[in-house]
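Analysis of the macromolecular model
Here are the chains, one letter per residue:
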Amino acid sequence: MTTEVSIMNTQAVALAADSAVTIQTGDGNGQKIFNTVNKLFMLSKYHPVGVMIYGSAAYMGTPWETIIKVFRKSLGEDRKDCLEEYADSFIDYVSNIYSDSQELNSIEINHIKNTLNIFHNDLVAALEQSLKDIGTKEDATKLLARILNYQIDQVISSMSKELDGADSLDCMAENNASEKMQNNSGQVDVIWGQVFSQLPIPDDRKAKILDLSARAAGFGEFFSKSNSGIVIAGFGDKELFPVQVKCNIEGYLFGCLKHNARKVTKIGERQRAVVEPFAQRDVISNFMQGVDPSFFTSIKESFQFLSESGYPEVVEDVLKRNGVSDSVVDSVVSELVSRGKEHSVEIIQKLDLHSRKWHVDPIIEAVGFLPKEELAQLAESLVNLTSVRRKMSTNAETVGGPVDVAVISKGDGFIWIQRKHYFEPKLNDHFFKNYYKGE
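Because the structure is predicted, anything quoted here is derived from the model rather than measured.

As a further point, take the sheet that holds strand β15 (residues 413-418). Strands sit in the order β13-β1-β2-β14-β15 across an open sheet of five strands; the sheet is antiparallel. Of all the strands in the sheet, just β13 (273-279) and β15 have a single pairing partner and so form its edges. For this sheet, the mean inter-axis angle between neighbouring strands, taken without regard to orientation, is 15 degrees. In terms of strand pairing, strand β14 (residues 404-409) meets β15 through five bridges, oriented antiparallel. Within β15, the position partnered with V407 by the bridge is I415. The sheet contacts of helix α11 (residues 372-391) involve β1 (3-9), β2 (12-17), β13, β14 and β15, and relative to β1 the element is tilted by about 155 degrees.

See the structure below:
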């Protein structure tokens, strides 16, 4: 895990990233944390553009650091009019790294396994509930056989409705998931056996489940946990104020690079400053909003429950115990629920307004006037704040190590404020002499 932050105003953008990375052991039962990983890079040696990586540190097994530096070399002195063009060029470059083969790659295998696990877990939960509802008078094996097909159809129907209501990714419009899964039926059968070894799924239902698994490849709701976040920030040649582009990339999936739509944030007359955390956002969000996000959510949910369900139920119980007719009870409860929803919305809006007025807006206003040096200090402090919070807990310290900080401005370009090296710079003059050699 990691924490990173981007802070922008009309002068510059400051980027900061910690150095921690969590590696799962081969058996999946343990983990190692290293505090020496690079996550912040120059995207161009010549122009004011930087990039940060969070989530998975590799793309299809290749470290992002390697991909970024090879792309940077291929980019050379080429300049783009706007930052979004740098992002598009980078995404296009990544999509062409992997040449589509006839066999399933590791990302595709993981996608199939993940979606099948969703079916399996939902089906097991449904079967367990059915057995509880029916009881244990009959033999469990007979019960399982009797209700299995019904519950399979229910889970398939639920998944199908979820896909029908989800937004498909434009980048996956041409994916060939179904065809590739059919052409690699042997590999798919192995994956199926690993997931459904204890459940006898009929062949016709199996075909439907695999078809839905293929469909799921085209939807953003089915990103795996191994996807990577990409943040590109800086200036295009014709841009006076900084711009930031972010997206998530999962991998080369069934003939397409699976990534969500780019989110673009621009500094201008309407938006003079931005503070945006990435990956582990809770501590920085707490600093910005004046309250922990999970606590804020809990307060909102409590108000909604009290006004829309809890209080009406108490009133209903009191009225019934005092002999009030059912028609009057229903009318009163209905009115309470309706009014409760209105009031809960008003309360939540007031909480949001208070947070913005007294916490978010003052910070954003101050950030709008910060000079470049202060932007860098704030970015570093926010990352360190998250690191300290993780250290003062009983959980793994998933944020830590040296903090890399860079400031990107229109006039000065990409400037390192703080940067770690895995080597001693004084002993490696040749590295810096060769940095621009031949370009």
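The biggest cluster of nonpolar side chains holds 63 residues, and the ones touching the most others in it are L43, Y59, W64, F90, L116, I230 and I232. Of all the elements, helix α4 (residues 140-164) adds the most residues to this core, at seven residues. Among the nonpolar cores identified, the runner-up in size contains 22 residues, and A273, I284, V360 and L375 belong to it.

A word on the environment of E374. You can see E374 is positioned in helix α11. With 360 residues separating them in the primary sequence, E374 and A14 have C-alpha atoms 9.3 Å apart.

A separate point is unusual backbone geometry. In the Ramachandran plot, M60 falls in the positive-phi region, its phi being about 55 degrees despite a non-glycine side chain. By secondary structure assignment, the location of M60 is in the loop between β7 (58-59) and β8 (62-63). For M60, a relative accessible area of 18% gives the class buried.

Moving on: the pairing of strand β11 (residues 256-259). Residues in a regular strand project their side chains so that they alternate between the two faces of the sheet. Burial along β11 is two-sided: C256 and K258 facing one way and L257 and H259 facing the other are all buried. In the sheet, strand β10 (residues 243-253) pairs with β11 via four bridges, with the strands oriented antiparallel. Within β11, the residue paired with L253 across the bridge is C256. Linking β10 to β11, which pair antiparallel, is a turn of two residues; within it F254 sits at a positive phi near 55 degrees.

Rules behind the numbers
- Residue numbers run consecutively from 1 along every chain, following the written order of its sequence.
- For a predicted model such as this one, the threshold for reporting local features is a pLDDT of at least 70, and the threshold for listing and counting side-chain atom pairs is 80 or more; totals across whole chains, interfaces and linings nevertheless cover every residue.
- Calculation of side-chain values draws on the structure's entire complement of heavy atoms; hydrogens and water are dropped beforehand.
- Only strands joined by at least two bridges in the DSSP assignment are considered to pair.
- Strands here mean DSSP runs of E at least two residues long; helices mean DSSP runs of H or I at least four residues long; both are numbered from the N terminus.
- Under this scheme, a helix contributes an axis fitted over its contacting stretch, all axes are lines through C-alpha atoms, and angles between N-to-C directions fall in the 0 to 180 degree range.
- Here, two residues are considered to be in contact whenever any of their heavy atoms come within 4.5 Å of each other.
- Grouping buried Ala, Val, Leu, Ile, Met, Phe, Trp, Tyr and Cys residues that are joined through side-chain atoms within 4.5 Å yields what is termed a nonpolar core.
- Exposure is judged per residue with a 1.4 Å probe applied to protein chains only, and the accessible area is read against the type maximum: over 50% gives exposed, under 20% gives buried, and values in between give partly exposed.

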